[in-house]
Amino acid sequence: MSNIVDPLVGQIAARVRTERERRRWTLAQLAEASGVSQAMISRIERGESSPTAVVLGKLSAAFRLSVASLLALAEGTRDDTATVAGVRRRDGASEWRDPATGYRRRQITSPQFPAEIAEIHLPAGARVPYPAAAFAFVRQVVWVLDGHLTFHDGDVVHELDAGGTFELGEPVERVFANTTDTTCRYAVILTRGIQP
């Protein structure tokens, strides 16, 4: 399923461009910092390509943001200064879908809320790796809501069923994997330790 018609793709494009320009980086500098090709970054910034979860992980790591922060900021692209409080209905929330794995992520909290909460649906057989830098400057808890999650925390593998939680420690490479034949649904809750 293509993400190109998803309005969140345009918001992600604008946020990636804003974060790069805020740092006064060229495409080449962001490519070097992230390990993502200049051509891919350019397509993402123009809204011509939806980044995969792996690419978002690399870009967010280069910006010293979590993936959740990058997506939450993308949702707030229209007006980052607004104070948003109150009810957010499920049908009004943006949901991002990884075009490579079908992984779906919905931000529960707004960018202004002090903790970031996201709901993730990881399809059967999906595997999403993130670089260690994507976990810098944040405290994060993974809470399995439904199904089974195989979580690689560096060299250590944890098998988590519904109700299981894992509080992440120091930044290491991590992999979220669903080795079952049913979708795994989990929440990611994080707070920022130090602003980049």
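Values in this document were obtained by computation on a predicted structure and should not be read as measured data.

About the cut-offs
- Residues numbered from 1 in each chain as written.
- Predicted model: local features only at pLDDT ≥ 70, side-chain atom pairs only at ≥ 80, totals over all residues.
- Heavy atoms only, no water.
- Helix = DSSP H or I, 4+ residues; strand = E, 2+ residues; numbered from the N terminus.
- Buried < 20%, exposed > 50% of the residue type's maximum accessible area, 1.4 Å probe, protein only.
- Areas by Shrake-Rupley, 256 points an atom, 1.4 Å probe, with all protein chains shown as cover.
- Core = buried A, V, L, I, M, F, W, Y, C linked by side-chain atoms within 4.5 Å.
- Contact = heavy atoms within 4.5 Å.
- Pairing = 2+ DSSP bridges.
- Axes fitted to C-alpha atoms, helices over the stretch in contact; angles between N-to-C directions.
- Arc of directions from axis to C-beta.
- Parallel < 35°, antiparallel > 145°, perpendicular 65-115°, else oblique.
- Left-handed = near helix turned anticlockwise from the far one by under 90°.
- Nonpolar A, V, L, I, M, F, W, Y, C, P; charged D, E, K, R; others polar.
- pLDDT = per-residue confidence, 0-100.

## Overview of the overall build of the protein chain
Scanning the protein chain for helices and strands turns up five helices and ten strands. Put simply, the protein chain has 196 residues, and 46% of those count as buried. Summed over all atoms, the accessible surface of the protein chain reaches about 9,600 Å², with 52% contributed by carbon and sulfur.

## Some remarks on the nonpolar core
Core analysis: the largest hydrophobic core is formed by 44 residues, its most contacted members being Leu59, Tyr103, Leu122, Tyr130, Leu149, Phe176 and Tyr186. Among the elements that make up this core, the one with the highest residue count is helix H4 (residues 53-63) (seven residues). Discounting chain neighbours no more than four positions away, the residues touching Leu122 are Tyr103, Val128, Leu149, Phe176, Ala177, Asn178, Thr183, Cys184 and Tyr186.

## Some points on the sheet that holds strand S7 (residues 156-161)
Taken together, four strands build an open sheet; the order of strands is S4-S9-S6-S7 and the sheet is antiparallel. Looking at strand neighbours, the two that pair on one side only are strand S4 (127-130) and S7, the edges of this open sheet. When the angles between neighbouring strand axes are averaged without regard to direction, this sheet yields 15°. The pairing of strand S6 (residues 148-153) with strand S9 (residues 174-177) spans four bridges and is classified as antiparallel. When the sheet's bridge partners are listed, Phe151 is paired in S9 with Phe176.

## Observations concerning helix H2 (residues 27-34)
Structural remark: α-helix, 3.6 residues per turn; residues separated by three or four positions point the same way. Among the residues of H2, Leu30, Ala31 and Ser34 are the ones counted as buried. End-on, the buried residues of H2 take up no more than an arc of 100°, which puts them together on one face. Remark: Gly35 follows H2 within two positions and exhibits a positive phi of approximately 80°.

## Focus on the packing of H2 against helix H3 (residues 38-45)
Between H2 and H3, whose axes approach to 9 Å, the crossing angle comes to 115°. Between H2 and H3, the angle is such that the two are roughly perpendicular. Relative to H3, the crossing made by H2 is right-handed. Packed against H2, whose contacting residues are Leu27, Ala28, Leu30, Ala31 and Ser34, the element H3 presents Gln38, Ile41, Ser42 and Glu45 at the interface. Residues belonging to the contact of H2 with H3 are distributed by class as follows: five nonpolar, three polar and one charged.

## Observations concerning the confidence of the model for the protein chain
Per-chain confidence: the protein chain averages 84 in pLDDT, with 84% of residues scoring 70 or above. Below pLDDT 50 for its whole length, residues 1-5 participates in twelve contacts with residues either more than four positions away or in separate chains. Counting interchain partners and residues more than four positions distant, the pLDDT-below-50 stretch residues 77-83 has ten contacts.

## Some details on H3
Those residues of H3 not exposed but buried are Ile41, Ser42, Ile44 and Glu45. What you see down the axis of H3 is that its buried residues fit within an arc of 160°, all on one side. Remark: Gly47 follows H3 within two positions and exhibits a positive phi of approximately 75°.

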